[in-house]
Amino acid sequence: MFARPFIDSMDFAINGKELCGEIPIVTLSRLSDMLANSAGTLSYRVRGSQRDDRHSLEIVLQGTCNLRCQRCLGEFSYPLELTAHLRLLPADKLEQMDADDEDAIEATSQLDVLALIEDEVLLALPFAPKHPQEACSAPLKDLQQSANPFSVLAVLKK
Ligand SMILES: [Zn+2]
């Protein structure tokens, strides 16, 4: 059984704690909805740090997601590698922050690590995933390739 980790975020930051693990993608249901299939795992590391009165978490993620190409509807694997720095703030301070300030989350003693990671992955995925042009078998390209050169010639003769 896969245990869903919760951490005390301030304790993590103050004591420089670290948590590493692997998450089966299938356990991330919001992410799975975006993917062609939910095979594979993501590896993660969450590390707390404190500098003066600033507390933050660093999240490092690595893995592969199977996306569906929006052009040809084929599957392709998308390598994911990201590092996020999130400042920990009490709820009342979080509300006062401007949207374009640094990324911040609420400092809580029961931080759902998986939900946090899932949020970061969803932000990192392309909005409309597509194969690289040369790897895509979109209908438009198929049409051009299968066009009969003689029928083109016949049109030209008229
Ligand atoms: Zn494609």
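Residues numbered from 1 in each chain as written. Predicted model: local features only at pLDDT ≥ 70, side-chain atom pairs only at ≥ 80, totals over all residues. Heavy atoms only, no water.

## Observations concerning the coordination of the zinc ion
Then comes step 1: Surrounding the zinc ion are the protein donor atoms Cys-69 (SG), Cys-72 (SG), His-131 (ND1) and Cys-136 (SG), at 2.0 to 2.3 Å.
Then comes step 2: The site at the zinc ion holds 4 donor atoms, and with the angles between them running 101 to 121 degrees, its shape is tetrahedral.
Then comes step 3: Of note, the zinc ion draws all its donor residues from one chain, in the sequence arrangement C-x2-C-x58-H-x4-C.
Then comes step 4: Taking relative accessible area as the criterion, His-131 reaches 11% and is therefore assigned buried. (Donors = N, O, S within 2.8 Å, 3.2 Å for Na, K, Ca; no water. Tetrahedral: all angles 85-135°; square planar, octahedral: opposite > 155°, others 65-115°. Buried < 20%, exposed > 50% of the residue type's maximum accessible area, 1.4 Å probe, protein only.)

## Here's the deal with the pattern of salt bridges
Then comes step 1: Using the criterion set out here, one finds 9 salt bridges in the structure.
Then comes step 2: Here Lys-17 ties to Asp-11 by a salt bridge, and the two come within 2.6 Å at their closest N and O atoms.
Then comes step 3: Judged by relative accessible area, Asp-11 falls into the partly exposed class, the value being 23%.
Then comes step 4: A salt bridge links Glu-58 to Arg-45; the nearest nitrogen and oxygen atoms lie 2.9 Å apart. Here Glu-58, found in strand S4 (residues 54-68), pairs with Arg-45, found in strand S3 (residues 41-51); they are 13 residues apart in sequence, far enough to count as distant.
Then comes step 5: Via salt bridges that share partners, Glu-18, Arg-45, Arg-47 and Glu-58 belong to a single interconnected network. (Salt bridge = Lys/Arg side-chain N within 4 Å of Asp/Glu carboxyl O. Helix = DSSP H or I, 4+ residues; strand = E, 2+ residues; numbered from the N terminus.)

Limitation: the analysis is restricted to geometry and does not speak to function.
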